[in-house]
Amino acid sequence: MNVLLVQSDPQLASLWAGHLAEEGVSAAVARGQREAVRLLQTQGFAAVVLDLDLEEGCALAVADLIAYRWPSLPILFVTGRAMFADGSIFAMSANARAYLQRDVAPSDLTTLVMYFGGYWA
């Protein structure tokens, strides 16, 4: 199973990727919109973890591309702000499967990625 982590913080991306690897899940990491789009166009993914607070580009633009090109690809959104705390992200992105705070326990994130990515299917 291969997942895409779109996260500007390299330490956090490394932490998440390490926990995923412990469960046999490989992760490609993109630090911004351009890199995420390039990876999406060249690799197949079972799920995407997408930080709404990217330093480069727009996370919602990445989500829109995913919805258009890969309508069944699940997105797990993460953020460090209260933005979309009302659940409106689910109305904005058809692919949204989870909305999590950036400080989510890595083991919880891993379990959700594996579930929505179809690891146990």
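In this text, all values refer to a predicted model and were calculated from it rather than measured experimentally. (Residues numbered from 1 in each chain as written. Predicted model: local features only at pLDDT ≥ 70, side-chain atom pairs only at ≥ 80, totals over all residues. Heavy atoms only, no water.)

*Asks:* With reference to specific residues and values, describe the environment of Asp53.
*Replies:* Within the fold, Asp53 resides in the loop between strand S3 (47-51) and helix H3 (59-69). Each C-alpha atom of the pair Asp53 and Ser8 lies 8.0 Å from the other, and the pair is 45 residues apart in sequence. Of note is the side chain of Asp53, whose polar atom sits 3.0 Å from the side chain of Arg102. (Helix = DSSP H or I, 4+ residues; strand = E, 2+ residues; numbered from the N terminus. Polar contact = N/O pair within 3.5 Å; in protein donor to acceptor, adjacent residues only side chain to side chain.)

*Asks:* Outline the nonpolar core, supporting the account with residue identities and numerical values.
*Replies:* One finds Leu4, Val6, Leu40, Val48, Leu50 and Phe77 to be the most contacted residues of the largest nonpolar core, which totals 21 residues. Within the residue set of this core, elements represented by two or more residues are strand S1 (2-6), strand S2 (26-30), helix H2 (33-42), S3, H3, strand S4 (75-79) and strand S5 (96-101). Among all residues touching Val6, those that are not within four sequence positions of it are Ala30, Gly32, Ala36, Val48, Val49, Leu50, Asp51 and Leu54. Counting residues in each nonpolar core, the second largest holds 17 residues, with Val3, Val104, Leu109 and Val113 among its members. (Core = buried A, V, L, I, M, F, W, Y, C linked by side-chain atoms within 4.5 Å. Buried < 20%, exposed > 50% of the residue type's maximum accessible area, 1.4 Å probe, protein only. Contact = heavy atoms within 4.5 Å.)

*Asks:* Which residues make up the UniProt feature "modified residue: 4-aspartylphosphate" (unreviewed entry) in the protein chain, and what are the values?
*Replies:* Annotation from UniProt places "modified residue: 4-aspartylphosphate" (unreviewed entry) at Asp51. Looking at the element boundaries, Asp51 is found in strand S3. Looking at Asp51, the relative accessible area reads 0%, which means it is buried. Among all residues touching Asp51, those that are not within four sequence positions of it are Val6, Gln7, Ala59, Val78, Thr79 and Arg102. One polar contact links the side chain of Asp51 to the main-chain amide nitrogen of Asp53, over a distance of 2.8 Å. (UniProt positions renumbered as here; feature names shortened; annotations may be inferred.)

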